[in-house]
Amino acid sequence: QVQLVESGGGLVQAGGSLRLSCARSGRTFDSYAVGWFRQAPGKEREFVAAISWSGASTHYADSVKGRFTISRDNAKNTVYLQMSTLKPEDTAVYYCALQYGSIWYGVPSYWGQGTQVTVSS
C-alpha cells in the first residue's frame, strides 16, 4: 500500500510564502512522478504543478507560474511545493498525487488527504 501525507499548510497573509511537503510511505516504486492539485470551496479540483521522477521535467498551471516551484528529494521520499507571492485566490486544500512511471502524464494512482492553505487579504 502507498500513503501520501501532505504537510506545511496554514494561514498566511497575501504576498507571503509557504512550503508544502508530500511524504510517501509504504510500497516503493522504481520511479514515479508526482503532481500537486488544489480545490477551493465551490470550485473543481485543479492541477497546480507536477514533477518527473528525476526532477528534470516540471509543469505548472498558468495561474501559478513564476510563483510556485515544485521540487523533490527522492532520498527522503518527499516532494515539495514552494509557494511564494501567495494570493487569496490560492486558498484551497492542496493535494499531492503519485503516478507510476518517470514522466507525469496526468494519471495519478494515489492521493494524499490534503493540507489546507489559507491566504488572507
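About the criteria used
Residues numbered from 1 in each chain as written. Predicted model: local features only at pLDDT ≥ 70, side-chain atom pairs only at ≥ 80, totals over all residues. Heavy atoms only, no water. Disulfide = S-S within 2.5 Å. Helix = DSSP H or I, 4+ residues; strand = E, 2+ residues; numbered from the N terminus. Buried < 20%, exposed > 50% of the residue type's maximum accessible area, 1.4 Å probe, protein only. Salt bridge = Lys/Arg side-chain N within 4 Å of Asp/Glu carboxyl O. Lys, Arg positive; Asp, Glu negative; His and termini not counted. Polar contact = N/O pair within 3.5 Å; in protein donor to acceptor, adjacent residues only side chain to side chain. Contact = heavy atoms within 4.5 Å. Pairing = 2+ DSSP bridges. Axes fitted to C-alpha atoms, helices over the stretch in contact; angles between N-to-C directions. Core = buried A, V, L, I, M, F, W, Y, C linked by side-chain atoms within 4.5 Å.

A.B. asks: Sorry, what's going on with the state of the cysteines here?
C.D. replies: Joining two cysteines, a disulfide is a covalent bond between their sulfur atoms. This model, assessed by the stated rule, comprises one disulfide. Shown here is the disulfide that connects C22 with C96, its sulfur atoms set 2.0 Å apart. Judged by the torsion about the S-S bond (70 degrees), the C22/C96 disulfide is right-handed. With C22 in strand β3 (residues 18-26) and C96 in strand β9 (residues 92-100), the pair connects residues that are 74 residues apart, well separated along the chain. Pair check on accessibility: C22 and C96 agree, each one buried.

A.B. asks: Which parts of the structure should I look at to understand the pattern of salt bridges?
C.D. replies: For side chains of opposite charge, pairing can occur when their charged atoms come near one another. Scanning the entire structure with this criterion turns up four salt bridges. Put simply, R38 and D90 hold a salt bridge, and the shortest N to O gap is 2.9 Å. Taken together, the positions of R38 in strand β4 (residues 32-39) and D90 in the loop between β8 (78-83) and β9 put the pair 52 residues apart, joining distant regions of the chain. For R38, a relative accessible area of 5% puts it in the buried group. D90 gets classed as buried once you look at its relative accessible area, which sits at 1%.

A.B. asks: What am I meant to see in the side chain of R24 here?
C.D. replies: The topology assignment puts R24 in strand β3. Of the buried charged residues, R24 lacks a salt bridge, with D30 as the closest side chain of opposite charge at 10 Å. There is a polar contact of 3.3 Å between the side chain of R24 and the side chain of Y32. R24 has contacts with V2, Q3, L4, Y32, N77 and L98, leaving out every residue within four places of it along the chain.

A.B. asks: Would you mind showing me how to read the sheet that holds β3 here?
C.D. replies: By definition, the strands of a sheet pair up through backbone hydrogen bonds, in either a parallel or an antiparallel sense. Ordered in space as β1-β3-β8-β7, the four strands form an open sheet in which the pairing is antiparallel. Across the chains shown, the open sheet's two edge strands, defined by having one partner strand only, are β1 (2-7) and β7 (68-73). The mean inter-strand angle of the sheet, taken between neighbouring strand axes irrespective of direction, is 15 degrees. Looking at chain direction, β1 and β3 are connected through six bridges and run antiparallel. Bridging from a neighbouring strand, L4 pairs with R24 of β3.

A.B. asks: Is there a simple way to think about the nonpolar core in this case?
C.D. replies: For soluble globular proteins, the rule of thumb is that nonpolar side chains tend to be buried together. Counting residues in each nonpolar core, the largest one holds 29 residues, and the members touching the most others are W36, V48, F68, I70, L81, M83 and Y94. Taken together, the elements giving at least two residues each to this core come down to β1, β3, β4, β5 (46-51), β7, β8, β9 and β11 (115-120).

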